[in-house]
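Summary of the model geometry
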Amino acid sequence: KSFEDLVHTQIPNIIKNEPDIHVKTVDDQTYIVKVTNIYIERPYVIEDTRKINYITPIDARHRDLTYDSPVSIDIETTLRHSNGNVLEKKKYNQHILCRIPIMIQSSKCNFYDKSYSQIVKEKECAFDDGGYFIIKGKERVLITQERINYNNIHVFQESSQKKRFVASIRSMSDETN
């Protein structure tokens, strides 16, 4: 769920909320750069023949590839004179910004919503639930770690009958760590 939220909500919101870039030029003009749309493709590689090949997780494992996708944006540039007249306007479609690893069995995975027979035909395990990444041919899993903040009082509800709550604090000096 968190990966789906990242690719469908968080990344588009970051791009949408970024203000336009205004650059004043020497000759009393303003150059405006606006980022409009964001696209996250399905994982692919460009082969030596310059052909786009949508890869499967097994391809990534066998070829030591990262199962990732390009993140592309549309860019609009405008050159405006100080009196408001537009002197030049250009649009650059799907300019690649970066690449992002794709979680196996997420909505951006090439096996998303494939049937059992299609998955088996591609030599993948049909019972693989996904939820991991393939980085340079190796399967990687994100593991969250929780740690209590230092120098803050934390109150926990106690399960024993003698005490209702327990307060604890972990102290650490800024100088000595």
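As the structure is a computational prediction, the values presented were derived from the model and not from experiment.

1. Looking at the overall build of the chain
- Secondary structure assignment for the chain yields 3 helices and 10 strands.
- Reading the chain from its N terminus to its C terminus gives the helix and strand order α-β-β-β-β-α-β-β-α-β-β-β-β.
- At 25 Å, the chain has a C-alpha radius of gyration far larger than the 16 Å of a compact globule built from 177 residues.
- Dimensions of the chain, computed from C-alpha atoms along their principal axes, come out at roughly 75 × 55 × 30 Å.

2. Re the packing of aromatic side chains
- For the structure on display, the rule yields 3 aromatic pairs.
- Ring geometry for Phe3 against Phe133: centres 5.7 Å apart, planes inclined by 70 degrees, an arrangement best described as edge-to-face. On the criterion of sequence distance, the pair formed by Phe3 in helix α1 (residues 2-17) and Phe133 in strand β7 (residues 133-135) is long-range, its members being 130 residues apart.
- Of the residues examined, Phe3 reaches a relative accessible area of 7% and is grouped as buried.
- Here the basic side chain of Arg42 rests over the ring of Tyr54, its NZ or CZ set 4.4 Å away from the ring centre.
- Here Arg99 stacks its cationic end above the ring of Tyr44, 5.6 Å away from the centre of that ring.

3. Some thoughts on the sheet that holds strand β2 (residues 29-40)
- A sheet is described by the order of its strands in space; here 4 strands give the open sequence β1-β2-β5-β6, paired in antiparallel fashion. Two strands close off the open sheet at either side, each with one partner strand: β1 (21-24) and β6 (86-101). Taking each pair of neighbouring strands and ignoring which way they run, the sheet shows an average axis angle of 20 degrees.
- Across 4 bridges, β1 lies against β2 in antiparallel orientation. The residue bridging Lys24 from the neighbouring strand is Thr30, located in β2.
- With respect to the sheet, α1 is in contact with β2, β5 (68-81) and β6, its orientation differing from that of β2 by roughly 170 degrees.

4. Notes on the confidence of the model for the chain
- Per-residue confidence for the chain gives a mean pLDDT of 88; residues scoring 70 or more make up 99%.
- When the elements of the chain are averaged for pLDDT, helix α3 (residues 116-121) gives the smallest value, 84, and β7 the largest, 93.

5. Overview of α1
- The principal kink in α1, of about 30 degrees, is found at Thr9, preceding the proline Pro12 by one to four residues.
- In this structure, the buried side of α1 is in contact with β2, β5, β6 and β7.

6. What about the pattern of salt bridges?
- Inspection of every chain in the model, using the stated rule, returns 5 salt bridges.
- A salt bridge links Arg99 to Asp68, with the shortest nitrogen-to-oxygen separation between them at 3.2 Å. Taken together, the residues Arg99 in strand β6 and Asp68 in strand β5 connect sequence positions 31 residues apart.
- Residue class for Arg99 comes out partly exposed when judged on its relative accessible area of 38%.
- Each of Arg61, Glu124 and Glu139 takes part in salt bridges that share partners, so that together they form one network.

7. Observations regarding unusual backbone geometry
- The phi dihedral of Arg50 falls on the positive side, at around 70 degrees, and the residue is not glycine.
- With respect to the helices and strands, the residue Arg50 is situated in the loop between β3 (44-46) and β4 (52-54).

8. Overview of the nonpolar core
- Counting residues in each nonpolar core, the largest one holds 19 residues, and the members touching the most others are Phe3, Ile40, Tyr67, Ile100, Ile102 and Ile134.
- Contributions of two or more residues to this core are made by α1 and β7.
- With 3 residues, α1 is the single largest residue contributor to this core.

Rules used throughout
- Residues numbered from 1 in each chain as written.
- Predicted model: local features only at pLDDT ≥ 70, side-chain atom pairs only at ≥ 80, totals over all residues.
- Heavy atoms only, no water.
- Helix = DSSP H or I, 4+ residues; strand = E, 2+ residues; numbered from the N terminus.
- Rg over C-alpha atoms; globule rule 2.2 N^0.38 Å.
- Phe/Tyr/Trp six-rings, centres within 6.5 Å; stacked < 30°, edge-to-face > 60°.
- Buried < 20%, exposed > 50% of the residue type's maximum accessible area, 1.4 Å probe, protein only.
- Lys NZ or Arg CZ within 6 Å of the ring centre and 35° of its normal.
- Pairing = 2+ DSSP bridges.
- Axes fitted to C-alpha atoms, helices over the stretch in contact; angles between N-to-C directions.
- Contact = heavy atoms within 4.5 Å.
- pLDDT = per-residue confidence, 0-100.
- Bend = angle between axes of the 7 residues up to and from the residue.
- Salt bridge = Lys/Arg side-chain N within 4 Å of Asp/Glu carboxyl O.
- Core = buried A, V, L, I, M, F, W, Y, C linked by side-chain atoms within 4.5 Å.

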